[in-house]
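Results of the structural survey
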Amino acid sequence: MAKIVVQKTHDARAYITLSEAITAAGVAGGTVHIVEPVTLDQSATVSGCTIKVTEPGYINLGNFNLTFDSTSRFDCPYNYQAFYYTGSGVVSFASESVPYIAVKWLPDLSKAVAAGNTILLSSSVTLTANYSGGTDKHLIILRGGLIISATYSFEWTGTLGAGNFQVFSGFSAGNLILNIEYVYPQWIGTTIATAISALGSSETTLKINISIDSSSVAEAVTIPANISVNPIKPGIIDIGSATLLTLNGPVVGNPMHQWLSGFAAGEVTFGGNVSEVKAVWLGTTTAAIQLALASNTSGGIVEMSLGLQSLASGLSFVNPSTTLIGYGTSIMGQPSYGTRLKKTVDGFTGITGVSEKHYFKDFTLDCDSKTGHGIYLQNSSGGLEDVAVYNVSGAGNYGIYLNQCSTNTFRNVTIKDCNKGLYVGGTTGSQLCSFYSLRISDDDRATTAYGAKLEIENTTSGSFYGCVLDPSVSGRGIHILGNCTKISFFDIYMEAPEAAITIPTIEIGGSGNKNISFNGLYINHSSGNVRNMITLGNGVYGTVIENSHFLNTTNIITAIFVGASSPTFLRGNTVSLFPNTYYVDSFNHADTQGINIDGLTNVGGQVKIRLYGSKHSVRNCKNVNIKIESSSDIIIENIDVDSAVELISGADSITLISVHSSIIVESGCTNIVAINCTGSITGAGAGVVVKLGAQAAANADTSLTFTGTDTVAKADVVLLQTEVNEMKATLRTFGLIAT
């Protein structure tokens, strides 16, 4: 029988049985040397000592168990078999007894896993049956270690560590189930496709730390939702021979480098588990941005990089519900700030979106005086926030063009030095678009022939809040072209340049425009400017301008020119204009109807109001000269003493109520009634004025006398009084005089 050497300090003895040697060594913390094959004679626990196996020694367990407790140690080379299983006996190790359990120590992998918690594989093992296990276990595979299977499955649920080399081979689809924290694809094969096929339903993360092809053959490769991808610099997935790579699982680890290479638009796509795609994943040029936009098939965020990027071709939104986001807008001349895209050639639109829910945020598009629109959206909903578009050149090109768009919202958008600013409309129109803190202006607008800053047509329900729209030497600030309904402007500031300009700052023209409103509008015209501030063209219906301010102290202009429009409501406005400038004018438009002016504060010299047409009213105005020409059905009420009213020949059915200024009536005027008017009434036609109230008392008519028996004269007076009472009742009915 073999002898086992037990070595203690200053003592070495040989024992016949292993159990005796273990007991003897445990007494004084010695070492049992297995130097030749030995069979365990009974189940034993190794405690307080070390067992060391050296070639050619080994332990045959037979039908007995050998247990190493936490006070014991085991010593053997990791590539030498130390235990043989010839019966039912097994060996087990406390974690303190060995740093690892080498698979080579035992007959196979399953027995090594059963023996302890940390398993070391250094050579090839071939599965001879399906294996499932690994819970709370850690498998370490050294170079040369390889688990091979042609038909059997291997399921591991613990942890696994290995280098950049293959450790699994031959597994058919779905037979390698690694429900572990991460897997390197090179552990399984040389391509992503090989790894994914073998992993099947594994719940894990692919760590990409080297360059690896998607596939070695022409096929579509899909990373399923149960497998995440964690690229680690310098790891790269290359398209290889694959035709398409689809990533349905999450991308984790916040990669900030290019880890997808060789793909064209449409050859890589992300599923719904990836809500944000960084352009840098696909490269460092604007071509990478386009690849990212094309890849985001389920929508989400496409993030651009910080700094300046050249744009040699346009970016296209091809997927709905996509947001293009940068790192903030940059000031011109300081491209290092934020994200800035810069066009390098003429003839293309910078960014195009043609599907639903497109959003843009935090970047600058510098068109660098190149032709083509800046941003073009068609059939799109969504919006822009903190975006700047600069330097669009070429006739008919806009900073931003909305064609047949709906429910778009703009916030803090700047359009600067562009041939034309913003267009909203399209053939079939846009609707429900809102704009907050929009700024459209030009540095050289006094000398350069830019187009309109804002053009709107065929649009329903548009709103503008807190915007700055500065027209240029040849362009309107706002141009509403036609077929617009319910367009509202709130707190809009406009400053025209110092130049001799004759086109309006705001023009509402064309047919089909109705219910356009301005509240809190501020227009400042600089020196040399002779344009109208606002022109309302023919056929405009229901325009409202209220609580607005019109400033010009050096030029003869018209604040508001009204063509053949009806009705128009001007309420609570303030003017500071050059003396004798027109606040409102409808010159030579006899078909204009319903200009309703209610409240005007004039802080400059006297301004004029000239009305043609019919059914107008002027109320509660100060320091104005009101001229009524070729007009009928006019009401003028509550005009202060510093004003003046002139009724020009042809004026008919004019009612003046509480007019305290002078009233001049030319000959040819008819049906003029003055009620409670205290100012003088003069002119060749003054005799036709019917005076009621204070004016009648101050200018009593003594030309008609009668006696109690003069029934004809008395009847005339009674008839006149009856007509006056009927007129008063009518005026009360319509709220034109107090009860």
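Details of the structure are given in the entry above.
Residues numbered from 1 in each chain as written. Predicted model: local features only at pLDDT ≥ 70, side-chain atom pairs only at ≥ 80, totals over all residues. Heavy atoms only, no water.

For the chain, the helix and strand inventory stands at six helices and 69 strands. The buried share of the chain, reckoned over its 739 residues, is 54%. Counting contacts in the chain only where the partners sit at least 6 residues apart, residues at least 24 apart contribute 54% of the total. Put simply, the chain shows about 29000 Å² of open surface, and 50% of that area lies on carbon and sulfur atoms. (Helix = DSSP H or I, 4+ residues; strand = E, 2+ residues; numbered from the N terminus. Buried < 20%, exposed > 50% of the residue type's maximum accessible area, 1.4 Å probe, protein only. Contact = heavy atoms within 4.5 Å. Areas by Shrake-Rupley, 256 points an atom, 1.4 Å probe, with all protein chains shown as cover.)

Turning next to the pattern of salt bridges. Across all of its chains, the model carries 11 salt bridges by this definition. Glu276 serves as the salt-bridge partner of Lys278, at 3.4 Å between the closest nitrogen and oxygen. With a relative accessible area of 28%, Glu276 lands in the partly exposed category. Between Lys370 and Asp368 there is a salt bridge, and its shortest N-O distance comes to 3.1 Å. Residue Lys370 is classed as buried on the basis of its relative accessible area, which comes to 16%. By relative accessible area, which is 28% here, Asp368 ends up partly exposed. (Salt bridge = Lys/Arg side-chain N within 4 Å of Asp/Glu carboxyl O.)

Before going further, it helps to spend a moment on helix H1 (residues 18-28). Among all positions in H1, only Leu18, Ser19, Ala21, Ile22, Ala24 and Ala25 are buried. Of the residues one or two after H1, Gly29 is the one with positive phi, at around 70°.

This part takes up the sheet that holds strand E14 (residues 124-126). Ordered in space as E14-E17-E20, the three strands form an open sheet in which the pairing is parallel. Unpaired on one side and paired on the other, E14 and strand E20 (168-169) mark the two borders of the sheet. (Pairing = 2+ DSSP bridges.)

The subject of this paragraph is the environment of Tyr541. Secondary-structure assignment places Tyr541 in the loop between strand E54 (534-536) and strand E55 (543-546). According to the relative accessible area criterion, Tyr541 is partly exposed, its value standing at 44%. Considering only alpha carbons, one finds Tyr541 and Asn515, 26 residues apart in sequence, at a separation of 6.2 Å. If we ignore the near neighbours within four places in the chain, the residues touching Tyr541 are Asn513, Lys514, Asn515, Ser566 and Pro567.

Let's shift gears to the nonpolar core. Among soluble globular proteins, nonpolar side chains are generally buried collectively. In this structure, Phe83, Leu422, Phe550 and Tyr583 are the most contacted members of the largest nonpolar core, which totals 189 residues. In contact with Phe83, not counting residues within four places along its chain, are Ile59, Leu61, Leu66, Phe68, Phe74, Val91, Phe93, Trp105, Leu106 and Pro107. Counting five residues, the second largest nonpolar core, distinct from the first, contains Ile635, Ile657, Val673 and Ile675. (Core = buried A, V, L, I, M, F, W, Y, C linked by side-chain atoms within 4.5 Å.)

With that settled, consider the packing of aromatic side chains. Two aromatic rings are characterised by how far apart their centres lie and by the angle between their planes. Applying the stated rule across the entire model yields 33 aromatic pairs. With centroids separated by 5.8 Å and ring planes inclined at 50°, the aromatic side chains of Phe270 and Trp281 adopt a geometry described as tilted. Remark: Trp281 occurs in the loop between strand E30 (276-278) and helix H4 (286-295) and Phe270 occurs in strand E29 (residues 268-270); sequence separation between them is 11 residues. We note that Phe270, like Trp281, is buried. Relative to Tyr522, the ring of Tyr493 lies with its centre 5.4 Å away and its plane at 20°, an arrangement referred to as stacked. With Tyr493 in strand E50 (residues 493-496) and Tyr522 in strand E53 (residues 522-525), this pair connects stretches of sequence that are 29 residues apart. Tyr493 gets classed as partly exposed once you look at its relative accessible area, which sits at 29%. Among the aromatic side chains, those forming a connected cluster through ring pairs are Phe68, Phe74, Phe83, Phe93, Tyr100 and Trp105. Across from the ring centre of Phe348, 4.5 Å away, lies the NZ or CZ of Lys343, which sits over that ring. The ring centre of Tyr436 lies 4.4 Å from the NZ or CZ of Arg411, which sits over that ring. (Phe/Tyr/Trp six-rings, centres within 6.5 Å; stacked < 30°, edge-to-face > 60°. Lys NZ or Arg CZ within 6 Å of the ring centre and 35° of its normal.)

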